[in-house]
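# Overview (structure and organization)
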Amino acid sequence: MTATIALVDDDRNILTSVSIALQTEGFMTRVYSDGETALKAIGDNPPDLAIFDIKMPRMDGLELLRRVRERSQLPVIFLTSKDDELDEALGLAMGADDYIAKPFSQRLLIARIRAILRRTELPQAAGSEPENGDGPLMRGQLTMDPARHRTTWKGELVTLTVTEFLILETLAQRPGIVKTRNQLMDAAYQDDIYVDDRTIDSHIKRLRRKFRQVDPEFDAIETLYGAGYRFSED
């Protein structure tokens, strides 16, 4: 099935060029020049993935993402300016799946889109059994069901993006074993695309915050400074 990509940017040159590039690659596109229009359209007819510019009038990309996250886990890539490091980190903390800085290579953007769409095939297969016959992954109070993209802590549902799920699953598969940032990048970004350390750190912060909303004492994801992260054996 052809994937549909929603593009939201107040720069019509970017909307046109990116839309043409995506259509050439076989995607369907919908374009919106402001966040308010995009929010209604995405709510009425959700795409498979969305690309938001951060700097837009009326409703910027951060507010648009916040409003979208109130109702869905739609995969979102942010377009940012090179100097907007704070916005990048805030966007990831709010639930964006990835970001790419302007000016950007369209080949790089398409590679990241394909990587995220491949990862979202997991929740789309909800209700089916894993091919290898394995059941849910259980580690102490944590239960992860890859076939249903479902995560619980102490029986309480924790809603994760696909990227967050893959990072946590990688840590939980081998409790007590330190995973470097590069190993977590390989697990969450399986294509040869550039992702810096800050992206993984932001995902870890989001994971901790989501679990602490369920359990304020959550401390199962440990930081080993200079080494990486591990899931506690306790």
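What comes next concerns the included structure. (Residues numbered from 1 in each chain as written. Predicted model: local features only at pLDDT ≥ 70, side-chain atom pairs only at ≥ 80, totals over all residues. Heavy atoms only, no water.)

### A short note on the side chain of Thr170
Our working rule: Only DSSP runs of H or I with at least four residues qualify as helices, and only runs of E with at least two residues qualify as strands; both kinds are numbered from the N terminus onward. Three exposure classes are used, based on accessible area relative to the maximum for each residue type with a 1.4 Å probe and protein chains only: buried under 20%, partly exposed in between, and exposed over 50%. Here, two residues are considered to be in contact whenever any of their heavy atoms come within 4.5 Å of each other.
As for its placement among the helices and strands, Thr170 is situated in helix 7 (residues 162-173). The class of Thr170 is buried, set by a relative accessible area of 15%. Among residues more than four places away in sequence, those in contact with Thr170 are Lys179, Leu184 and Ala187.

### Description of the pairing of strand 1 (residues 4-8)
Just so we agree on the cut-off: Paired strands, as defined in this entry, are two strands with at least two bridges between them according to DSSP. Here is how to tell: hold the view so the strands point away, follow the path from the first strand over the helix to the second, and if it runs clockwise the crossover is right-handed.
For strand 1, a buried count of 5 out of 5 residues is recorded, marking the element as mostly surrounded by other parts of the structure. In strand 1, alternate side chains face the same way, and those of Thr4, Ala6 and Val8 on one face and Ile5 and Leu7 on the other are all buried. Judged from the 5 bridges that link them, strand 1 and strand 2 (residues 28-32) form a sheet pairing that is parallel. Across the sheet, Ala6 pairs through a bridge with Arg30, a residue of strand 2. The β-α-β motif built from strand 1, the intervening helix 1 (residues 12-24) and the parallel element strand 2 has right-handed crossover chirality. Of the strand pairs in this sheet, strand 1 and strand 3 (residues 49-53) are connected by 4 bridges, and their pairing is parallel.

### Quick notes on the sheet that holds strand 5 (residues 98-102)
The test is simple: Angles run from 0 to 180 degrees between N-to-C directions of axes, and those axes are lines fitted to C-alpha atoms, restricted for helices to the stretch in contact.
Here 5 strands make up an open sheet; going across it, the order is 2-1-3-4-5 and the pairing parallel. This sheet does not close on itself; its edge strands, each paired only once, are strand 2 and strand 5. When strand polarity is set aside, the average angle formed by the axes of neighbouring strands in this sheet is 20 degrees. By the bridge criterion, 5 bridges tie strand 4 (residues 76-81) to strand 5 in an arrangement that is parallel. Its bridge partner being in strand 5, Leu79 is matched across the sheet by Ile100. Here helix 5 (residues 106-119) sits on the sheet and contacts strand 1, strand 3, strand 4 and strand 5; the angle it forms with strand 5, its principal contact strand, is near 175 degrees.

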